[in-house]
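# An overview of the molecular structure
The chain contents come next:
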Amino acid sequence: GSIIVRQRGTKIIAGPNVVLGLWDQNKINVFANKGYARFFNLQESSIAGKHASEVLGATIYDKSKPYIERALNGESIGYLIPFGHGEELRYFYVTYTPYYFQNKIAGYITSATDVTELKQSELRIRQLLKVKENFISTMSHEIRTPLNGIYGSIQILEQTHSGDSNIAAITE
């Protein structure tokens, strides 16, 4: 089930498979769900009150900073990001959404959804389409080559036996 948290009069819904965080204008964490804590390998209770750079780490914070600034300027942003390496590579769709309180931007909400299976399916489909293209290209060539020979032979027969009724029957 979902958990509903009331923060400054606003409901925040945090499902068990969602990475969700609420940050104020100074990039201080107000709320992070269990998914957020698991993702960053932190205790859920240790995130509140920390600056985004402390929670995310320098590398991820530096990459996220332009999106955070855009959210704090009123823009909702979403993007795909690879996370990890090799067998551990995962893809996440991350969003930054402005959080309003009394008609003013009070901070931003971050969410991340693991879309690895979807991305892997997309890559597999692209591979299969490439195989299909190569097959059609090869088959087209393999079929065209003998047909061109047959067509050329018919043209030669027509030219050399233009009055022959048997040739006329073949070409019709």
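Every value quoted in this text rests on a predicted model; they were computed, and no experiment measured them.

What counts, and where the lines are drawn
Residues numbered from 1 in each chain as written. Predicted model: local features only at pLDDT ≥ 70, side-chain atom pairs only at ≥ 80, totals over all residues. Heavy atoms only, no water. Helix = DSSP H or I, 4+ residues; strand = E, 2+ residues; numbered from the N terminus. Buried < 20%, exposed > 50% of the residue type's maximum accessible area, 1.4 Å probe, protein only. Contact = heavy atoms within 4.5 Å. Phe/Tyr/Trp six-rings, centres within 6.5 Å; stacked < 30°, edge-to-face > 60°. Core = buried A, V, L, I, M, F, W, Y, C linked by side-chain atoms within 4.5 Å. Expected span 1.5 Å × (residues − 1). Bend = angle between axes of the 7 residues up to and from the residue. Pairing = 2+ DSSP bridges. Axes fitted to C-alpha atoms, helices over the stretch in contact; angles between N-to-C directions.

### Concerning the overall build of the protein chain
- Counting its regular elements, the protein chain contains 6 helices and 7 strands.
- Beginning at the N terminus, the succession of helices and strands in the protein chain can be written as β-β-β-β-α-α-α-α-β-β-β-α-α.
- The burial tally for the protein chain puts 28% of its 172 residues in the buried class.
- Within the protein chain, contacts between residues at least 6 apart in sequence are counted, and of these 33% link residues at least 24 apart.

### Digging into the packing of aromatic side chains
- Inspection of every chain in the model, using the stated rule, returns 9 aromatic pairs.
- When the ring of Phe39 is compared with that of Phe92, the centres are 4.9 Å apart and the planes differ by 80 degrees; the resulting orientation is edge-to-face. Residue Phe39 is found in helix α1 (residues 34–39), and its partner Phe92 is found in strand β6 (residues 90–101); the two are separated by 53 residues along the sequence.
- Phe39 gets classed as partly exposed once you look at its relative accessible area, which sits at 25%.

### Description of the nonpolar core
- With 22 residues, the main nonpolar core has Tyr36, Tyr96 and Tyr108 as its most contacted residues.
- Put simply, the parts of the chain that give this core at least two residues each are β3 (19–24), α1, α3 (52–56), α4 (58–72), β5 (77–83), β6 and β7 (104–114).
- Ranked by residue count, the leading element in this core is α4, at 4 residues.

### Concerning α4
- For α4, with 15 residues, the first-to-last C-alpha span of 19 Å sits near the 21 Å given by 1.5 Å per residue.
- Remark: the principal bend of α4, roughly 45 degrees, maps to Ser64, with a proline, Pro66, within the next four residues.
- All buried positions along α4 are accounted for by Tyr61, Ser64, Ile68, Ala71 and Leu72.
- In this fold, the buried residues of α4 make contact with β3, α3, β5, β6 and β7.

### Here we look at unusual backbone geometry
- Its identity as a non-glycine residue notwithstanding, Lys27 has a phi of 65 degrees, on the positive side.
- Turning to its location among the elements, Lys27 is positioned in the loop between β3 and β4 (29–32).
- By relative accessible area, which is 11% here, Lys27 ends up buried.
- One non-glycine residue, Asn103, lies in positive phi territory at about 65 degrees.
- Among the structural elements, Asn103 can be located in the loop between β6 and β7.

### With respect to the pairing of β6
- Pairing of β5 with β6, which is carried by 7 bridges, proceeds in the antiparallel orientation. Among the inter-strand pairings, Ile77 is bridged to a residue of β6, identified as Tyr96.
- As paired strands, β6 and β7 are joined by 10 bridges and run antiparallel to one another. By the bridge assignment, Tyr96 is partnered in β7 with Thr110.

### Remarks on the sheet that holds β6
- With antiparallel pairing, the 5 strands of this open sheet are ordered in space as β4-β3-β7-β6-β5. Only two strands of the sheet have a single neighbouring strand rather than two, namely β4 and β5. Neighbouring strand axes in the sheet, compared pairwise and without regard to direction, differ in orientation by 20 degrees on average.
- Where β3 and β4 come together, 3 bridges link them in antiparallel fashion. Bridge pairing links Leu22 to Phe31 in β4.

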